[in-house]
Amino acid sequence: MHLMKTNRDIHQQKWIWHFEKNRMNRKEPDWQMPFAMEEKKRRALAWSLAEYQLGDGGGPCCLIARDADVYRASSSSTQRVTDMWFREEAEHSRLLSGAVRRLGGTFVTDTFAFRQFQRVRRFMGAQFEMLVLLQVEIISTVYYRIIRKHCDDPPIVEMCTLILRDESGHISYHRDRLCQDHPQGWNLFQRAWFYFLGYACAAVLWLGHGRALRTIGMKNRDFLAQVHRGLRGFVRSVLRRTRCGQSKTVLLPRHSHEGRAF
Ligand SMILES: [Fe+2]
Ligand SMILES: [Fe+2]
């Protein structure tokens, strides 16, 4: 038990270094650049990004599960790495605010979906909350890739690239954390549960933002294909690492500026 805790601390220390390093070389998008966009597209993007600004770090930017304090207090490295992860989430909210202002959008401070999401996060334990946040990160990766592909405004494209870079690290962090917690890998039930939560999360995104994303040029089949690829990629990477016994060692984050975490 003591050894496991030590391994976890070493693993978390690696991620603390990652988050420290990731704070460097962050070029702020040039929000003052001249702006030109088709009105229909501008309106759709402004609405969608304003809602996303609330969800991606704009609300309570920390773990809010009923046992969150117990989880954070389990070790100093757990507390540090969790805080660093959420500091990047707060940065996403700041970047998204820049995009909303550029698009002339109206900031959103509360929605029904957001309230329900907070309720779920609060009600379940910290482990479940982190699993749900991981799903949101995988599905958000799809969202930002779609925005980046269909939005031809350079500062917004740059913002998406920055957020994708961070989310890629977050997904890898969760993967390594889960591999530590489940060194034997996931059984069939755990995999089915993961896919179920992932598709539920994708459905919420599609219902809420599908129309706006279609307005800027997204095709439903591309959305579905990317969601499936994201979830399957994550499950396979967990299986690969646990099967090889790599979860016993500390894995450095592997991601690129393309925002792919696996
Ligand atoms: Fe985020
Ligand atoms: Fe994230």
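Residues numbered from 1 in each chain as written. Chains lettered and ligands numbered in written order. Predicted model: local features only at pLDDT ≥ 70, side-chain atom pairs only at ≥ 80, totals over all residues.

Draft legend 1. Main features of the environment of Leu-95. Mapped onto the secondary structure, Leu-95 falls in helix 4 (residues 76-102). Assessed through the 26 C-beta atoms surrounding it within 10 Å, Leu-95 is described here as buried. Measuring from C-alpha to C-alpha, the distance between Leu-95 and Gly-230 comes to 24 Å, with 135 residues separating the pair along the chain. Apart from the residues lying within four places of it in its own chain, the contact partners of Leu-95 are Met-159, Leu-162 and Ile-163. (Helix = DSSP H or I, 4+ residues; strand = E, 2+ residues; numbered from the N terminus. Buried ≥ 20, exposed ≤ 12 C-beta atoms within 10 Å, placed from the backbone. Contact = placed C-beta atoms within 7 Å.)

Draft legend 2. Looking closely at unusual backbone geometry. At Asn-25, a residue that is not glycine, the phi angle is positive and equals roughly 50 degrees. Tracing the sequence through the fold places Asn-25 in the loop between helix 1 (2-22) and helix 2 (39-55). The class for Asn-25 is exposed, based on 7 C-beta atoms found within 10 Å.

Draft legend 3. Structural detail: the confidence of the model for the chain. The share of residues in the chain with pLDDT of 70 or more is 90%, and the mean pLDDT across the chain is 90. Element-level mean pLDDT values for the chain span from 83 in helix 1 up to 97 in helix 6 (residues 126-150). Note on residues 247-252: pLDDT under 50 across the span, and 13 contacts to partners over four residues away in sequence or across chains. (pLDDT = per-residue confidence, 0-100.)

Draft legend 4. A look at helix 9 (residues 220-243). In this model, helix 9 (24 residues) spans 34 Å end to end at C-alpha, consistent with the 34 Å of a helix rising 1.5 Å per residue. For helix 9, the full list of buried residues reads Phe-223, Val-227, Gly-230, Leu-231, Phe-234, Val-238 and Arg-241. Looking at the buried positions of helix 9, the neighbouring elements they touch are helix 6, helix 7 (154-181) and helix 8 (188-215). (Expected span 1.5 Å × (residues − 1).)

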